[in-house]
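# Per-entry structural report
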Amino acid sequence: MTVQHGRVVAAFSRRFIVETENGDLPCQVKGRHLRVVCGDRVEFRHDGDGGVIETVLPRTSLLYRSDAFKTKAIAANVTQLAVVVAARPSFSMELVQRCLLAAEDQNIASLLILNKADLPETPAARERLNLLTRIGYPLVMLSALSDITPLRPALHGHTTLLIGQSGMGKSTLINALFPGADVVTAEYSEALDSGRHTTTHTRLHRLDADSAVIDSPGLQEFALQHLNAHALAHAFVEFRPYLGQCRFRDCQHEHEPGCRLIEAVTAGDVSLARLQLFQTLRRLQHNASQRL
Ligand SMILES: Nc1nc2c(ncn2[C@@H]2O[C@H](COP(=O)(O)OP(=O)(O)OP(=O)(O)O)[C@@H](O)[C@H]2O)c(=O)[nH]1
Ligand SMILES: [Mg+2]
Ligand SMILES: [Zn+2]
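All figures in this text were calculated on a predicted structure; none of them were measured in a lab.

## Focus on the environment of Ser271
Checked against the element boundaries, Ser271 lands in the loop between helix H7 (260–266) and helix H8 (272–291). For the pair Ser271 and Leu261, spaced 10 residues apart in sequence, the C-alpha to C-alpha distance is 10.0 Å.

Below you can see the structure in the form of structure tokens.
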């Protein structure tokens, strides 16, 4: 059997579904060391009713989150991250920003989706996002239950990963985009169990030859231990013009004299909330690296 090319559309622990020229094929992986992630482009061979993945082709990006103990790959070859939020249940601005920082580190474009625009609390949620729209992140406001046309142009030509807390409506968006997908969605009930999420696997859905959208399980945390202080600072896009300009080469942007970032905050060109988030994350990162 000859080697064929395909794309991994779903990854379970050791089983995968690969999109091939002739439809979806259940696959296993050859050997124990090959790490395969949803979105990977692979070489596989047919084997009985299924296939065996033999090679993972070079990735253009690998999005992962980590803590001090482990890293967990979410998806490969993503070209755009869409962070989905809604007015209800309430969302964490810090979590949204952590997702954006991870994307910046991988040079992945990002966009914000404010879903459930039908909810009366939406203007207040929109206001909270000003911190990010002000520095250039595009925002699409829509209601997945009624009309997703505002999102379509943003998806064209991209592999877009939908990410966000549970209950924001990621799977509802998938169902609106892919009428045949029939993904399970559910009312989010904090009273029932705050740790619950409806989607349990990452899944790639093909929109057209050049575009795909990936659904992922709701996030409760998104650690960034894999970013060192330098990478972290560069992931704050609006910091970039000031980096390397401080008086001290090893400036931590805390209270050093001649810190260009602190000056930018004083001048109102960088928001204090963003510098504070940087400082919080840098300290977390520093403490974790001391422990290892
Ligand atoms: N009012 C309103 N409700 C919505 C909208 N979109 C989704 N919902 C509801 O929000 C709830 C959660 O939707 P899901 O699509 O399951 O959320 P999810 O982000 O996929 O959640 P996880 O899979 O747990 O991460 C469901 O009850 C949806 O019907 C919307 O535009 N307006
Ligand atoms: Mg879901
Ligand atoms: Zn500085």
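## Focus on the site of ligand 1
In the neighbourhood of ligand 1, 23 residues make up the surrounding shell, with Gly169, Thr185, His197, Thr199 and Gly218 lying closest. With 3 residues, the top contributor of residues to the shell around ligand 1 is helix H5 (residues 170–177). Of the residues that constitute the shell around ligand 1, the class distribution is 7 nonpolar, 12 polar and 4 charged.

## Side note on the domain arrangement of the protein chain
The domain boundaries assigned to the protein chain delineate domain 1 (4–56), domain 2 (62–215) and domain 3 (229–291). Taken over C-alpha atoms, the centre of domain 1 sits 42 Å from the centre of domain 3.

## Observations regarding H5
Taking burial as the measure, the 8 residues of H5 include 6 buried ones, the bulk of the element. Within H5, the full set of buried residues consists of Lys170, Ser171, Thr172, Leu173, Ile174 and Asn175. Buried residues in H5 make contact with strand S8 (80–86), strand S9 (109–115), strand S11 (159–163), strand S12 (203–208) and strand S13 (211–215).

## Here's the deal with the environment of Ala186
Looking at the secondary structure, you find Ala186 in the loop between H5 and S12. Sequence spacing of Ala186 and Gly169 is 17 residues, and the spatial spacing of their C-alpha atoms is 8.9 Å.

## A look at the pairing of S12
Bridge count between S12 and S13: 5 bridges; the pairing is antiparallel. Counted as the bridge partner of Leu204 is Ile214 from S13. Once S12 ends, the chain turns through 2 residues before running back antiparallel as S13.

## Quick word on unusual backbone geometry
Residue Arg88 is joined to Pro89 through a cis peptide bond whose omega torsion reads -10°. Phi is positive for Asn77, which is not a glycine, with a value near 60°. Phi is positive for His253, close to 60°, though the residue is something other than glycine. Structurally, His253 is set in the loop between helix H6 (229–235) and H7.

About the cut-offs
Residues numbered from 1 in each chain as written. Chains lettered and ligands numbered in written order. Predicted model: local features only at pLDDT ≥ 70, side-chain atom pairs only at ≥ 80, totals over all residues. Helix = DSSP H or I, 4+ residues; strand = E, 2+ residues; numbered from the N terminus. Near = placed C-beta within 6 Å. Nonpolar A, V, L, I, M, F, W, Y, C, P; charged D, E, K, R; others polar. Domains from an automatic or database assignment. Buried ≥ 20, exposed ≤ 12 C-beta atoms within 10 Å, placed from the backbone. Contact = placed C-beta atoms within 7 Å. Pairing = 2+ DSSP bridges.

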